[in-house]
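Now for the letters of each chain:
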Amino acid sequence: MTMDSPDGADEAHATVADQWVLDAERQLFLVDRIIGLEAELARVEDERRTYDDRVAAAEAELVKLTSSYTWRAGRKVTGGARWLRRVVSRKPRA
């Protein structure tokens, strides 16, 4: 207690003010954390979109490749050899 206030009113006021400052600091910390998390989320979403675009481009390239005349002709030419390899590599039945 202080000499000015025998009932402790100044100390109670100081405690309330201290608590208000602590609450304000905590709120600022949380706001800062939220802003940081939102920025991180935006970065990760951008990476995912880039990845999705790359996957779609690779899938389109694969479709283009496998539907080409050269690919289909090669499959016809090597079909016999692939069939023979499957037959030879089968395990004999006991």
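Below is a summary of the structure that appears in this document. Quick caveat: nothing in here was measured; it's all calculated off a predicted structure.

Comments concerning the overall build of the protein
Stage number 1. Secondary structure summary: the protein contains two helices and zero strands in total.
Stage number 2. For the protein, buried positions account for 2% of its 94 residues.

What about the pattern of salt bridges?
Stage number 1. One pass over the full model with this rule turns up four salt bridges.
Stage number 2. R43 is the partner of E47 in a salt bridge, and the nearest nitrogen-oxygen pair spans 2.3 Å. Taken together, the residues span about one helical turn, with E47 and R43 both in helix 1 (residues 9-66) at a distance of four residues.
Stage number 3. For E47, a relative accessible area of 45% translates into the label partly exposed.
Stage number 4. The partly exposed category is assigned to R43, whose relative accessible area is 40%.
Stage number 5. Of the charged contacts in the structure, one is a salt bridge between D52 and R48, with a shortest N-O distance of 2.8 Å. One end of the pair, D52, and the other, R48, are both in helix 1, four residues apart, so they sit about a helical turn from each other.
Stage number 6. For R48, a relative accessible area of 44% puts it in the partly exposed group.
Stage number 7. Where salt bridges share partners, they join E40, R43 and E47 into one cluster.

With respect to a positive patch on the surface
Stage number 1. A surface patch of like charges, here positive, comprises R75, R85, R86 and R90.
Stage number 2. Counting through the fold element by element, R75 comes out in helix 2 (residues 69-89).
Stage number 3. Take R75: its relative accessible area is 41%, and that puts it in the partly exposed class.

Observations concerning helix 2
For an α-helix the count is 3.6 residues per turn, leaving residues at separations of three or four pointing the same way.
Stage number 1. Here helix 2 spans 29 Å end to end across 21 residues, near enough to the 30 Å set by a 1.5 Å rise per residue.
Stage number 2. A bend of about 50° at T78 is the largest found in helix 2.

Notes on a nonpolar patch on the surface
Stage number 1. A contiguous nonpolar patch, built from W83, L84, V87 and V88 and spanning about 410 Å² of accessible area, is present on the exposed surface.
Stage number 2. As for its position among the elements, V88 is in helix 2.
Stage number 3. Here V88 falls in the exposed class, since its relative accessible area comes to 63%.

The rules we used
- Residues numbered from 1 in each chain as written.
- Predicted model: local features only at pLDDT ≥ 70, side-chain atom pairs only at ≥ 80, totals over all residues.
- Heavy atoms only, no water.
- Helix = DSSP H or I, 4+ residues; strand = E, 2+ residues; numbered from the N terminus.
- Buried < 20%, exposed > 50% of the residue type's maximum accessible area, 1.4 Å probe, protein only.
- Salt bridge = Lys/Arg side-chain N within 4 Å of Asp/Glu carboxyl O.
- Patch = residues over 30% accessible without salt bridge, like charges linked within 9 Å, V, L, I, M, F, W, Y side chains within 5 Å.
- Areas by Shrake-Rupley, 256 points an atom, 1.4 Å probe, with all protein chains shown as cover.
- Lys, Arg positive; Asp, Glu negative; His and termini not counted.
- Charge placed at Lys NZ, Arg CZ, Asp CG, Glu CD.
- Expected span 1.5 Å × (residues − 1).
- Bend = angle between axes of the 7 residues up to and from the residue.

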